[in-house]
Amino acid sequence: MTTVPTGIQPISTGRRVKDRIVHVLVYLAFAIAVVPLISVLWLVIKNGTQRFDLEFLTHSMRNIGARDAGGGAYHAIIGTLEQVLLASLIAVPIGLLTAVYLVEYGSGGRLARSISFFVDVMTGVPSVVSGLFVLAFWILALGMPFSGFAGAMALSILMMPVVVRSAEEMLRLVPNDLREAAYALGVPKWRTIVKVVLPTAFTGIVTGVMLAVARVAGETAPLLLTVFFTDSINNDPFNGPQMGLPLYVFDQAGRPTDTAIDRAWTGALTLILIVMLLNLVARLIAWWRSPAKRGS
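Keep in mind that this is a model prediction, so the values were computed, not measured.

Per the secondary structure count, the protein chain includes 13 helices and zero strands. Here the protein chain has a C-alpha radius of gyration of 25 Å; the compact-globule value for 296 residues is 19 Å, and the former is much larger. Here the C-alpha coordinates of the protein chain stretch approximately 85 × 60 × 40 Å along the principal axes. Counting the 296 residues in the protein chain, one finds 39% classified as buried. Across the protein chain, contacts joining residues at least 24 apart in sequence account for 72% of those joining residues at least 6 apart. Split by element, the accessible area of the protein chain, about 17200 Å² in all, is 69% carbon and sulfur.

Structure representation (structure tokens):
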């Protein structure tokens, strides 16, 4: 017979039942959340593998009609990679510097509170608004052409608040003892941030950046207003229309033929694989640059 130590009250049957019910509800909620994700992935993989071949990855849609077989998304893949890269080059430095200011220099001041407020507002802005802003300012007001760079600017507007918030949270997790130890050694504040704070939070910052990339990689509305459509390969994101994978999927899915629908599914699968590959690369970089790895 199990004896209960003196001074410790046994767990009542009612508490055990409540604990079991909560466990069941948590697992049920997890299953409900996972089922739609698995079904979407299964549907995309099932329909996308029919055209996922070398021709699809190495050919464009130039001179390919809606009812013609063949064709590919090479021009859209190039466009997506260049647009996301340009958007990251714009959004990541600005977002990271903003997060550094909010954590290290803002100290709850009026400017810091205003910046935080506008970051929160930008987080909830619909993606089409960023496209409309770039269309009105860059293309209509300044007379610039439709281009991949215009699309990248629209995507960077969507990336910035995600980068700011994720980097801000990671910087706040850095223990103040590390900062105070550096200050005690006479290290300037800017050097402490560069050499101590940022390397400590590097893994979390990289994860936040990849969340921002995944957030914008599949956006269609901003590209519809800033990049326009093209069936040809355009390696120059600063000159002329440039296709992207979200636009490619949108365009092919709107054509009433089975061959076009198959290309749309394969384009969606390709986009998912690109995002997964970028996340894998980011995880490898974070693992390589982690303090435990560098200290071994």
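Turning next to the packing of aromatic side chains. Here the structure, examined in full by the defined rule, presents seven aromatic pairs. Each ring, one from Phe 117 and one from Phe 118, has its centre 5.4 Å from the other, and the planes form 70 degrees; the classification is edge-to-face. Neither residue differs from the other here; Phe 117 and Phe 118 are each classed as exposed. Where Phe 133 meets Phe 137, the ring centres are 6.1 Å apart and the plane angle is 10 degrees; that geometry is what we call stacked. Placement of both Phe 133 and Phe 137 in helix α5 (residues 127-141) is noted, with a separation of four residues, approximately one turn of the helix. Residue class for Phe 137 comes out partly exposed when judged on its relative accessible area of 45%. By way of ring pairs, the aromatic residues Trp 138, Phe 149 and Phe 238 are connected into one cluster.

A word on the side chain of Thr 80. Here Thr 80 is to be found in helix α3 (residues 74-106). Assessed through its relative accessible area of 4%, Thr 80 is described here as buried. Leaving out residues up to four positions away in the same chain, Thr 80 has contacts with Met 243, Gly 244, Leu 245, Pro 246 and Leu 271.

A few words now on the pattern of salt bridges. Under the criterion given, the structure shown has seven salt bridges. Arg 165 is the salt-bridge partner of Asp 120, the closest N and O atoms lying 2.8 Å from each other. Linking Asp 120 in helix α4 (residues 110-123) with Arg 165 in helix α6 (residues 148-172), this pair joins segments that are 45 residues apart in sequence. A relative accessible area of 46% means that Asp 120 is categorised as partly exposed. Between Arg 172 and Glu 168 there is a salt bridge, with its nearest N and O atoms 2.8 Å apart. Here Arg 172 pairs with Glu 168, and both are found in helix α6, just four residues apart, close to one helical turn.

Take His 75: it is sitting in helix α3. Separated by 24 residues in the primary sequence, His 75 and Arg 51 place their C-alpha atoms 16 Å from one another. Excluding residues that lie within four positions of it along the chain, His 75 makes contacts with Ser 60, Met 61, Thr 230, Asp 231, Ser 232, Ile 233, Met 243 and Tyr 248.

Bringing unusual backbone geometry into the picture now. Even without being a glycine, Asn 63 presents a positive backbone phi close to 65 degrees. Relative to the helices and strands, Asn 63 resides in the loop between α2 (54-58) and α3. The exposure class of Asn 63 is exposed, given its relative accessible area of 72%. Positive phi, normally seen in glycine, also occurs at Phe 228, with a value near 70 degrees.

Calculation criteria
- Residues numbered from 1 in each chain as written.
- Predicted model: local features only at pLDDT ≥ 70, side-chain atom pairs only at ≥ 80, totals over all residues.
- Heavy atoms only, no water.
- Helix = DSSP H or I, 4+ residues; strand = E, 2+ residues; numbered from the N terminus.
- Rg over C-alpha atoms; globule rule 2.2 N^0.38 Å.
- Buried < 20%, exposed > 50% of the residue type's maximum accessible area, 1.4 Å probe, protein only.
- Contact = heavy atoms within 4.5 Å.
- Areas by Shrake-Rupley, 256 points an atom, 1.4 Å probe, with all protein chains shown as cover.
- Phe/Tyr/Trp six-rings, centres within 6.5 Å; stacked < 30°, edge-to-face > 60°.
- Salt bridge = Lys/Arg side-chain N within 4 Å of Asp/Glu carboxyl O.

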